[in-house]
Amino acid sequence: MSASEDIWILGIHMTKFGKHPDLDTVDLGAEAIRGALADGGVTMADMGVVAAGNLMGGGGIGQQLQKQVGQTGVPVYNVSNACATGATALRTAIMAVKAGECDMGLAVGVEKLAGAGLLGGGGKPRADGKVYEPSGRFGAVAPTDGRIGTNTMPGVFAQVGMEYGHRYGGTSFELFARISEKNHAHSTLNPLAAYSKAMSLEQIMNDVMIAYPNTRPMCSANCDGAAAAVVTNGATLKTLSLEQQRRAIKVSASVLTSDPWQEACQVLPDVNTLTRNAATQAYEQAGVGPEDLDLVELHDCFATAELVHYDNLGLCEEGGAVDFFGSGAPWRDGSKPVNVSGGLQSKGHPISATGIANIWEVCQHLRDECGDRQIPDAKVGLAHVIGLGSACGVHILERAAA
Amino acid sequence: MSERVPLVDYLVLDDPPHLVAKQCTQCGARYFDRRNACASCFAEEFDSVPIDNDGVLRSFTIVAHAGPGIEVPFVAGVVDCGGTSVRGNVINVEPDAEHVSLGMPVRLATYSLGVDDNGTEAIGFGYEPVDGEPTEPGRA
Ligand SMILES: [Zn+2]
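Described below are features of the structure shown in this document. What you see is a predicted model, and the numbers here were worked out from it, not measured in a lab.

### A short note on the sheet that holds strand β11 (residues 391-399) of chain A
Residues and elements named next belong to chain A.
Item 1. Read across the open sheet, the 9 strands follow the order β3-β2-β4-β7-β1-β8-β11-β10-β9; overall the sheet is mixed. A strand with exactly one partner marks an edge of an open sheet, and here the two such strands are β3 (76-79) and β9 (295-297). Sheet twist, expressed as the average angle between the axes of neighbouring strands with direction ignored, equals 25 degrees.
Item 2. The pairing of strand β1 (residues 7-14) with strand β7 (residues 225-233) spans 7 bridges and is classified as antiparallel. Counted as the bridge partner of W8 is T232 from β7.

Structure below.
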């Protein structure tokens, strides 16, 4: 790829994650967009495309946001890809710039999720029929959630982690809780996190059990938040100020995958294969390996999920995730810091914002602008997100050459 | 005696009750839902094949918080039935980590969901523990 075909993040912003009772979805998205534009030193007039994601609102979030921040008539792509929605929006803007359809693009993800409660379970109250009649693709005569496995996210991802334990051994309730302890400890340095209190192992293990082995603090925190990014190509970046060039972050790899068919993948979602595929493609695109990463933000929607992604992203040898964690590597002072933002368990998980917010975190470190939680001299970072269904986004980011 | 219907159409209420899968005639991929085509090889023809009633618990969770109307706690899991993965609850066991373990041998069991206005009884299934040595981690 020639320098002019390179893709760069010119500006990026995330709102504080947490409860924003006085801001609606559009307010939050607009705050993220205006922050990203200001960060990049550009305006809506420079954007040739808008890609926007929001799952819980009424639809058409991109146009709703344009109506508040700038209606320029450029194409809008409203995207939806579960928890990978933000990464999908970013990927869409990148594709438009890469294709040469425009020189700059805007991606935004926003969610109002505070107080949303349990996601994925049951839905409507069980209404067992007056008459048993088969319906749906399984010919079910009554609701199956809770009778044939579980649809709740904490339960699904609990099984993902437990399956890893069955395959390789070494997992325990305490191990998963220790992963959560790490992320909650990391969050104390992140002023934008929804929750930034350290939690002891005992507190985590004795908290409310949601789906064994995941207790409440081991689950991603529902909250409000938004994040946005401005992307451009290398040729356009060269026309901008030296300061803009210095702060721009190179997107060395941008990959989105879905899950290829595997035995059992329609029984328990296989979040492993598509993550491994995305990581392999990303390392190849970027010409770097896991050993080159200074920090990783991975999709710890549950403590049980973080463990398997150490392995899926190649941070350890196959089957070695338990030992990798035990070595202290993923702590912020370890050899391979993971989720120094606090991760989804404490920073929070406003679904559509997550896949851009994790990239913001990496960018701040690569720009040496991350304050108290700066990973010293960070040059290369990886952001991973997964949406059940499934979609996986992996981005590898690099600091601009001095 | 009143009529009995299975909770799902892939539960066959023979003696003994068992599950059946739709097996792709081209690649052998197995499915439990109504199919349009094979997700693995895109072929469109399927045979009906019986699934082993005995299996090994490959993963589980003990769900303590679920959707409205769902009784908790319950054990949800994935059972390896002779190479075919099956989703199901672990039943007839205390739903706690002392009584449920990875690699535990289990067997299909059925239970009554109740009777509808026509007197028809719905039959569900799950997997109950059976005696035997658990599969060691790493040898799954
Ligand atoms: Zn097939």
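Let us keep going from here.
### What to know about the coordination of the zinc ion
For a metal bound by four donors in tetrahedral geometry, the ideal donor-metal-donor angle is 109.5 degrees, whereas six donors in octahedral geometry ideally sit at 90 or 180 degrees.
Residue and element names in this part refer to chain B.
Item 1. For the zinc ion, the full set of protein donor atoms is C24 (SG), C27 (SG), C38 (SG) and C41 (SG), at a range of 2.3 Å.
Item 2. Geometry at the zinc ion is tetrahedral, judged from the 4 donor atoms that bind it and their angles of 99 to 116 degrees at the metal.
Item 3. A relative accessible area of 17% places C41 in the buried class.

### Details of the interface of chain B and chain A
Size of an interface: often given as the accessible area lost when the parts come together.
Item 1. In this assembly, 59 residues from chain B lie in contact with 46 residues from chain A.
Item 2. Taking both partners together, chain B and chain A bury about 4300 Å²; carbon and sulfur atoms supply 58% of that area.
Item 3. Taken together, the links from chain B to chain A amount to 1 salt bridge.
Item 4. Put simply, R58 of chain B and E163 of chain A hold a salt bridge, and the shortest N to O gap is 2.5 Å.
Item 5. Remark: the boundary between chain B and chain A carries 21 residue pairs in polar contact (both at pLDDT 80 or more).
Item 6. For the side of chain B that touches chain A, the elements supplying multiple residues, two or more each, are β1 (4-6), β6 (54-63), β7 (74-81), β8 (84-90), β9 (105-115) and β10 (121-129) of chain B.
Item 7. Here the side of chain B that touches chain A takes 8 residues from β6 of chain B, the largest share from any one element.
Item 8. Note that strand β5 (residues 209-212) of chain A and β6 of chain B share 2 bridges and pair antiparallel. Across the sheet, residue Y212 of chain A finds its bridge partner in β6 of chain B, namely I62 of chain B.

Rules and cut-offs
- Residues numbered from 1 in each chain as written.
- Chains lettered and ligands numbered in written order.
- Predicted model: local features only at pLDDT ≥ 70, side-chain atom pairs only at ≥ 80, totals over all residues.
- Heavy atoms only, no water.
- Pairing = 2+ DSSP bridges.
- Helix = DSSP H or I, 4+ residues; strand = E, 2+ residues; numbered from the N terminus.
- Axes fitted to C-alpha atoms, helices over the stretch in contact; angles between N-to-C directions.
- Donors = N, O, S within 2.8 Å, 3.2 Å for Na, K, Ca; no water.
- Tetrahedral: all angles 85-135°; square planar, octahedral: opposite > 155°, others 65-115°.
- Buried < 20%, exposed > 50% of the residue type's maximum accessible area, 1.4 Å probe, protein only.
- Contact = heavy atoms within 4.5 Å.
- Buried area = accessible area lost by both parts, 1.4 Å probe.
- Salt bridge = Lys/Arg side-chain N within 4 Å of Asp/Glu carboxyl O.
- Polar contact = N/O pair within 3.5 Å; in protein donor to acceptor, adjacent residues only side chain to side chain.

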